[in-house]
Amino acid sequence: MKLKIYLFLIVLFGLDPIAKAQIWQPLGPDDFNQPTYTTISDSDLAFNGSVPYIFHYNSWYYGDKGNKAVVMKYDASGVGWEKVESPVFSSKSPSFTKIAINEGVPYVFFADETHYGAATVMKLNKSGTSWEVVGKAGFSLGTYLISPSIAFNNGVPYVCYINGNSNGLTVMKLNANGTDWEVVGSNNISYNYGTSSAFLAFNEGVPYICFNGRIESTFELRPIIMKLNVVQTGKW
């Protein structure tokens with residue numbers, strides 16, 4: 001009888017702790033403490049320990065002309081979101097924004113309209129007061145990029161992206177001097193025409209890429225996974 005009453009109360013008042021734990025809660029701590037109050041696109045999320053960071057394109061920014069890249073992080077006190085220093089750092093509208101954290105330092109990767117949609121990577125400087133270009137701005141091979149991804153291997157940033165002109169995929173890494181980016185393996189990796197949705201990851205120091213490749217005989221898009229042959233050919 002007591003079990004029936006307990007089950008009745010669960011159904012009537014929603015007292016099931018498991019069910020309550022599955023309810024999504026705003027991180028802010030409520031809908032009035034959200035990371036942005038304006039229209040955004042191309043948002044991405046990363047964590048520095050337990051602190052979430054978001055990077056997005058903001059179409060309007062507190063009275064500014066808008067079309068800027070903005071990075072926000074969740075306040076350590078749990079009150080709400082706060083701007084990461086120099087929160088607006090692109091002179092023209094970015095797109096395909098990505099963010100990653102390496103050894104506590106946030107990096108952002110995006111198609112930089114200042115350089116006609118070519119790739120730019122920036123990181124927060126040591127003092128945490130401004131953003132600085134990593135290598136050089138607009139370094140990608142091709143006029144513009146789509147579907148970017150960024151990962152790290154022993155502290156070295158690697159990026160992959162799809163060339164908007166050729167639809168080929170390219171992986172690059174920061175060179176040893178930290179002044180420019182160099183191709184990893186071969187340029188314009190592709191699996192026939194129509195490469196899209198690129199993703200880069202490392203396993204035991206070996207880079208892997210995942211993307212959609214169009215099957216020539218059927219024109220269907222299929223997921224393709226490749227890895228770099230780091231021992232023998234140096235190719236994908």
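Our subject is the structure that appears above.
Residues numbered from 1 in each chain as written. Predicted model: local features only at pLDDT ≥ 70, side-chain atom pairs only at ≥ 80, totals over all residues. Heavy atoms only, no water.

Asks: Could you clarify how one ought to interpret the sheet that holds strand S10 (residues 156-163) in this entry?
Replies: Strand pairing in a sheet relies on backbone hydrogen bonds. The paired strands run either parallel or antiparallel. What the four strands build is an open sheet, ordered S9-S10-S11-S12; its pairing is antiparallel. What marks the edges here is a single partner per strand, and that holds for strand S9 (145-153) and strand S12 (181-183). Taken pair by pair, the neighbouring strands of this sheet meet at an average axis angle of 30 degrees, ignoring direction. Across seven bridges, S9 lies against S10 in antiparallel orientation. Bridge pairing in S10 links Ile150 to Val159. (Pairing = 2+ DSSP bridges. Helix = DSSP H or I, 4+ residues; strand = E, 2+ residues; numbered from the N terminus. Axes fitted to C-alpha atoms, helices over the stretch in contact; angles between N-to-C directions.)

Asks: Would you mind showing me how to read the nonpolar core here?
Replies: What tends to happen in soluble globular proteins is that the nonpolar side chains get buried as a cluster. Counting 16 residues, the largest nonpolar core has Phe109, Val121, Phe139, Ile150, Val159 and Trp181 as its most contacted members. Within the residue set of this core, elements represented by two or more residues are strand S6 (105-112), strand S7 (118-124), S9, S10 and strand S11 (169-174). The contacts of Val159, once residues within four sequence positions are left out, are Phe109, Val121, Phe139, Ser149, Ile150, Thr170, Val171, Met172, Trp181 and Leu200. Core analysis: the second largest hydrophobic core is formed by 15 residues, Ile162, Ile209, Phe211 and Ile224 among them. (Core = buried A, V, L, I, M, F, W, Y, C linked by side-chain atoms within 4.5 Å. Buried < 20%, exposed > 50% of the residue type's maximum accessible area, 1.4 Å probe, protein only. Contact = heavy atoms within 4.5 Å.)

Asks: What am I meant to see in the environment of Tyr161 here?
Replies: Looking at the element boundaries, Tyr161 is found in strand S10. Remark: the alpha-carbon pair of Tyr161 and Phe110, spanning 51 residues in sequence, is separated by 9.9 Å. Filtering out sequence-adjacent residues up to four positions away, Tyr161 remains in contact with Phe109, Ser140, Leu141, Leu145, Ile146, Ser147, Pro148, Gly168, Leu169, Thr170 and Met172.

Asks: I would appreciate a short explanation of the pattern of salt bridges in the present structure.
Replies: Note on pairing: side chains with opposite charge can pair once their charged atoms come close. Across all of its chains, the model carries three salt bridges by this definition. Of the charged contacts, one joins Lys73 and Glu82 as a salt bridge, the two residues approaching to 3.7 Å between their closest N and O atoms. Classification of Lys73 by relative accessible area gives partly exposed; the value is 25%. Of the charged contacts, one joins Lys173 and Glu182 as a salt bridge, the two residues approaching to 3.9 Å between their closest N and O atoms. What makes Glu182 partly exposed here is its relative accessible area of 34%. (Salt bridge = Lys/Arg side-chain N within 4 Å of Asp/Glu carboxyl O.)

Asks: Is there a simple way to explain the side chain of Ser140 in this structure?
Replies: Inspection of the secondary structure puts Ser140 in the loop between strand S8 (131-133) and S9. Separated by 2.9 Å, the side chain of Ser140 and the backbone nitrogen of Ala119 make a polar contact. (Polar contact = N/O pair within 3.5 Å; in protein donor to acceptor, adjacent residues only side chain to side chain.)

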